[in-house]
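Understanding the architecture of this molecule
Below, each chain spelled out in residue letters.
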Amino acid sequence: MKLEQKFKQTLKKIKLNKKEKILVALSGGKDSTVVAYLLKKFGYNIEGFHIDLGMGKYSEKCLGSVKKLCDNLKIKLHLYDIKKEMGSSMCYIRAKVQHEKKGLKNCAICGVIKKWIMNREARKLKVSKIATGHNLDDEVQTFLLNIFKGSPELSANSGAITQNIKNKKFITRIKPLFYVDENDIRSYAKKMKLPVVYEKCPCALDSYRIQVRKFVDSLTTKQKENIIKNFYKLLPKIQKLKPEGNLYYCEKCGEPSRKKICKMCELVKN
Ligand code: AMP
Ligand code: ZN
């Protein structure tokens, strides 16, 4: 099936409405760029959101691509400058966290911080959903990693649309490329000549994920799809391992959290 058809089918499955306002989290990479391009093409109501991580030349290139894309698509771009808002670049924030909590991976820390920022800013902008560029390969990697770690319950809220979380301060996240192979996204972005930074993030040094990525890269699209089919088949059981439970509001920052102090505040102590 063609990429555009798969994309449309996913939107149908998650019942996305053309009137609701969607904030597309744009990294400057191929995946989120394709998400914005196609949502706009199919008439959805979107705005862009980019976190400038302040990581030198790489971040400058990402910001340049995102600005160009939003100009081309004629959509509003909301920028969040991490240096201005949080006082220092992602590299510095991460190094400080790792100094205190040794062994935490770069991508894990960055992921927690980015999700916290996205939820907060999306709520301020009163959008109904956040769309990210996660693709079939990302999802297969994460699902397998969670199984290898012996913690499949970490996948309980995953899916093309966030599951299981009902809280008025939590903004639903959607992944319109959930079923699309990364290679097809790369070809599509190149074919459409979209403004994309193809370099990987210079800090993505999580060796365990790299190992799993190499394995997933060796699979065919069909095999990746089968892993995701199994994920959905097992999801009701996985969810039972992690009961819905209450979401609290973090005592420090007020964001929705499973614990009294959210993951972000646990990592970044002010
Ligand atoms: P990653 O965790 O870097 O693979 O990114 C996953 C998704 O998060 C991307 O497809 C984007 O939708 C979003 N994202 C990543 N980095 C940024 C950023 N700097 N600003 C806004 N959204 C981002
Ligand atoms: Zn907090």
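Summary of the structure given here. The shown structure was predicted, so the numbers you read here are calculated from the model rather than taken from an experiment. (Residues numbered from 1 in each chain as written. Chains lettered and ligands numbered in written order. Predicted model: local features only at pLDDT ≥ 70, side-chain atom pairs only at ≥ 80, totals over all residues. Heavy atoms only, no water.)

**Side note on the pattern of salt bridges**
Within this structure, the stated rule accounts for 15 salt bridges. Linking Glu4 and Lys41 is a salt bridge whose minimum nitrogen-to-oxygen distance equals 2.9 Å. Here the residue Glu4 occupies a position in helix α1 (residues 3-13), and Lys41 occupies one in helix α2 (residues 30-41), the gap between them amounting to 37 residues. A salt bridge links Lys175 to Glu139; its shortest N-O distance comes to 3.3 Å. Separated by 36 residues along the polypeptide, Lys175 in the loop between β5 (172-174) and α8 (182-191) and Glu139 in helix α7 (residues 136-148) bring together distant segments of the chain. Side by side, Lys175 and Glu139 carry an identical accessibility label, which is buried. Here the salt bridges share partners, and the residues they tie into one network are Lys30, Asp31, Glu182 and Arg186. (Salt bridge = Lys/Arg side-chain N within 4 Å of Asp/Glu carboxyl O. Helix = DSSP H or I, 4+ residues; strand = E, 2+ residues; numbered from the N terminus. Buried < 20%, exposed > 50% of the residue type's maximum accessible area, 1.4 Å probe, protein only.)

**Considering the nonpolar core**
Counting 48 residues, the largest nonpolar core has Val34 and Leu39 as the members making the most contacts within it. Listed by contribution, the elements that provide at least two residues to this core are α1, β1 (21-25), α2, α3 (56-73), α7, α8, α9 (207-217) and α10 (221-241). Broken down by element, the residue count for this core peaks at six residues, all from α2. (Core = buried A, V, L, I, M, F, W, Y, C linked by side-chain atoms within 4.5 Å.)

**What to know about the site of ligand 1**
What surrounds ligand 1 is the set Ala25, Leu26, Ser27, Ser32, Phe49, His50, Ile51, Lys114, Met118, Thr132, Gly133 and His134. In the model, an oxygen atom of ligand 1 is placed 3.0 Å from a nitrogen or oxygen of the Gly133 main chain. Considered on its own, ligand 1 offers 480 Å² of accessible surface; in the complex 75% of this is hidden by protein. Where the shell around ligand 1 is concerned, the elements lending two or more residues are β2 (45-52) and α6 (106-124). Here the shell around ligand 1 gets three residues from one element, more than from any other, and that element is β2. Split into classes, the residues belonging to the shell around ligand 1 amount to five nonpolar, six polar and one charged. (Near = heavy atom within 4 Å. Polar contact = N/O pair within 3.5 Å; in protein donor to acceptor, adjacent residues only side chain to side chain. Areas by Shrake-Rupley, 256 points an atom, 1.4 Å probe, with all protein chains shown as cover. Nonpolar A, V, L, I, M, F, W, Y, C, P; charged D, E, K, R; others polar.)

**Re the coordination of the zinc ion (ligand 2)**
Every protein donor of the zinc ion (ligand 2) is listed here as Cys250 (SG), Cys253 (SG), Cys262 (SG) and Cys265 (SG), and their distances to the metal cover 2.2 to 2.3 Å. Bound by four donor atoms, the zinc ion (ligand 2) shows angles of 106 to 114° at the metal and therefore tetrahedral coordination geometry. Read from N- to C-terminus, the donor residues coordinating the zinc ion (ligand 2) fall into the pattern C-x2-C-x8-C-x2-C. Since its relative accessible area comes to 18%, Cys253 is described here as buried. (Donors = N, O, S within 2.8 Å, 3.2 Å for Na, K, Ca; no water. Tetrahedral: all angles 85-135°; square planar, octahedral: opposite > 155°, others 65-115°.)

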